[in-house]
Amino acid sequence: MALWKPDPKLDLVLERVVDVPRELVWAAWTKPEHIVKWFTPAPWTTIHCEIDLRPGGRFHTIMRSPEGKDFPNTGCYLEVVPNERLVWTDALLPGYRPSEKPFFTAIIALEKQGKSTRYTATAIHRDEAGKKQHEEMGFHTGWATALDQLVAHIKASVH
Amino acid sequence: MITPSEAAKPIDHVFRALSDPTRRHVLERLSRSPASVSELAAPFNMALPSFVQHMSILENCGLVQSRKTGRVRTFEIVPKRLKLAEDWLVRQRALWEKRLDQLDTYLITLKEK
């Protein structure tokens, strides 16, 4: 049984079935050369990735905004069970040192389903304060920023 | 347990509708006042059928609604729907959905190699 209980107000659980072997899905989550290809929603990009794949090991990415601004992210792996489960958090730095700005823990669970793979991505977030901090870091996709402006604009005109 | 595929549906449509610059312009215009199709289409260099298609995408996801008086169809914005897209967690979900879409596409290309 899972230890964690998703809170619908704070957490996300996403389930996918993809028609590729589990080993390939695992590789895509754990090899830097793969991560840089897909990890950041376009038009943002991941320009750099370092992985030390073991509990306490470093998961480091640098994301670049469409305007060319770089945002480094450093996390720490908590659980590494090849082809089954990957857990990391930004609440800890590599080597388990507590970080300054804890925001989330991610759990990726993989299951074989015939020739396909079912994977579940769970993002556990801290709280309202953590959410705000994350927004202040500027972690928006391009359209989300555009959307914020649009929402503000429309709220101003409707009310 | 949340069933994400179901929970994500209406908002997916809203985000898809908002992903297009023409449709965002239309929403901005409608935020000032309701308008007819020809008024809305005027600023764009676009064939009317294509423009009407944009309007039906906006209407199908509930961001706008329309009524017909005589031969004129007038559109207005539905602010409640946009509120949905404003929510923080909804945006996080959209971000993860997009990330995983990219992963799945990438995995398929890897498999084909």
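## So, the overall build of chain A
Here is step 1: Broken down by element type, chain A carries four helices and seven strands.
Here is step 2: When the helices and strands of chain A are placed in sequence order, the string is β-α-α-β-β-β-β-β-β-α-α.
Here is step 3: Classification of the 159 residues of chain A by burial places 27% in the buried group.
Here is step 4: A separation of at least 24 residues holds for 39% of the contacts in chain A among residues at least 6 apart in sequence.

## Remarks on the overall build of chain B
Here is step 1: When you go through chain B residue by residue, the secondary structure sums to seven helices and three strands.
Here is step 2: The helix and strand sequence of chain B, counted from the amino end, reads α-α-α-β-α-α-β-β-α-α.
Here is step 3: Expressed as a percentage of the 113 residues in chain B, the buried residues total 24%.
Here is step 4: Taking the contacts inside chain B whose residues are at least 6 apart along the sequence as the reference set, 57% of them involve residues at least 24 apart.

## Let's talk about the nonpolar core
Here is step 1: Counting residues in each nonpolar core, the largest one holds 45 residues, and the members touching the most others are A:Val25, B:Val14 and B:Leu63.
Here is step 2: Those residues in contact with A:Val25 that sit more than four places away from it in its chain are A:Val18, A:Val20, A:Leu110, A:Thr117, A:Tyr119 and B:Leu107.

## A closer look at the sheet that holds strand β5 (residues 85-89) of chain A
Pairing between the strands of a sheet comes from backbone hydrogen bonds, and it takes one of two forms, parallel or antiparallel.
Here is step 1: Spatial ordering of the open sheet is given by β1-β7-β6-β5-β4-β3-β2 (chain A), a layout of seven strands whose pairing is antiparallel. Among the strands making up the open sheet, the edge pair consists of β1 (12-18) and β2 (45-51) of chain A. Here the strands of the sheet are splayed against their neighbours by 20° on average, with no regard to which way each runs.
Here is step 2: Sheet topology note: the strand β6 (residues 104-113) of chain A/strand β7 (residues 116-125) of chain A ladder contains ten bridges and is antiparallel. Bridge pairing in β7(A) links A:Ala106 to A:Ala123.
Here is step 3: Along the sheet face, helix α1 (residues 22-30) of chain A touches β1, β2, β5, β6 and β7 of chain A and points at about 160° away from the line of β6(A).
Here is step 4: Running at roughly 20° to β1(A), helix α7 (residues 88-112) of chain B makes contact with β1 and β7 of chain A of the sheet.

## Considerations on helix α5 (residues 48-60) of chain B
Here is step 1: With 13 residues, α5(B) extends 18 Å between its outermost C-alpha atoms, agreeing within 8% with the 18 Å of an ideal straight helix rising 1.5 Å per residue.
Here is step 2: B:Gly62 occupies a position one or two residues after α5(B) and carries a positive phi of about 85°.

## Description of the sheet that holds strand β3 (residues 72-77) of chain B
Here is step 1: Taking strand neighbours across the sheet as the criterion, the three strands line up as β1-β3-β2 (chain B) in an open arrangement whose pairing is antiparallel. Strand pairing shows two members of the sheet lacking a second neighbour, β1 (35-36) and β2 (64-69) of chain B, which therefore form its edges.

## Description of the packing of α1(A) against α7(B)
Here is step 1: Viewed as axis vectors pointing N to C, α1(A) and α7(B) meet at an angle of 120°, and their least axial separation amounts to 10 Å. Regarding the angle of α1(A) to α7(B), the classification is oblique. Crossing geometry of α1(A) relative to α7(B) is assigned as right-handed. Contacts between α1(A) and α7(B) pair A:Leu24, A:Val25 and A:Ala28 from the former with B:Leu103, B:Tyr106, B:Leu107, B:Leu110 and B:Lys111 from the latter.

## Regarding helix α3 (residues 21-32) of chain B
Residues and elements named next belong to chain B.
Here is step 1: The first and last C-alpha atoms of α3 sit 17 Å apart over twelve residues, in line with the 16 Å expected at 1.5 Å per residue.
Here is step 2: Regarding α3, the residues found buried are Val26, Leu27 and Leu30. For α3, the arc enclosing every buried residue in end-on projection is 100°, short of the 170-degree limit, so these residues lie on one face. Exposed positions of α3 whose direction lies more than 90 degrees from the buried face are Pro21 and Arg32.

## Brief notes about unusual backbone geometry
All names here are of chain A.
Here is step 1: At asparagine 83, a residue that is not glycine, the phi angle is positive and equals roughly 65°.
Here is step 2: Inspection of the secondary structure puts asparagine 83 in the loop between β4 (70-81) and β5.
Here is step 3: Note on asparagine 83: 17 C-beta atoms within 10 Å, which makes it partly exposed.
Here is step 4: The phi dihedral of tyrosine 96 is positive, around 70°, even though this residue is not glycine.
Here is step 5: Within the fold, tyrosine 96 resides in the loop between β5 and β6.
Here is step 6: In this structure tyrosine 96 comes out as exposed when scored by C-beta crowding, with 10 C-beta atoms within 10 Å.

## Some points on the confidence of the model for chain B
All names here are of chain B.
Here is step 1: Model confidence for chain B is summarised by a mean pLDDT of 84, while 91% of its residues fall at 70 or above.
Here is step 2: Scored below 50 in pLDDT, residues 1-8 makes ten contacts in the model with residues more than four places away or belonging to other chains.
Here is step 3: With pTM at 0.66, the complex prediction returns an ipTM value of 0.76.

## Details of the environment of A:Trp88
Here is step 1: Checked against the element boundaries, A:Trp88 lands in strand β5.
Here is step 2: For the pair A:Trp88 and A:Phe104, spaced 16 residues apart in sequence, the C-alpha to C-alpha distance is 8.7 Å.

## Considering the confidence of the model for chain A
Here is step 1: For chain A, the average pLDDT comes to 82, and 79% of its residues sit at 70 or higher.
Here is step 2: Contacts for the low-pLDDT stretch residues 136-144 of chain A, under 50 throughout, to residues beyond four places or in other chains number 14 contacts.

Parameters and conventions
Residues numbered from 1 in each chain as written. Chains lettered and ligands numbered in written order. Predicted model: local features only at pLDDT ≥ 70, side-chain atom pairs only at ≥ 80, totals over all residues. Helix = DSSP H or I, 4+ residues; strand = E, 2+ residues; numbered from the N terminus. Buried ≥ 20, exposed ≤ 12 C-beta atoms within 10 Å, placed from the backbone. Contact = placed C-beta atoms within 7 Å. Core = buried A, V, L, I, M, F, W, Y, C linked by C-beta atoms within 7 Å. Pairing = 2+ DSSP bridges. Axes fitted to C-alpha atoms, helices over the stretch in contact; angles between N-to-C directions. Expected span 1.5 Å × (residues − 1). Parallel < 35°, antiparallel > 145°, perpendicular 65-115°, else oblique. Left-handed = near helix turned anticlockwise from the far one by under 90°. Arc of directions from axis to C-beta. pLDDT = per-residue confidence, 0-100.

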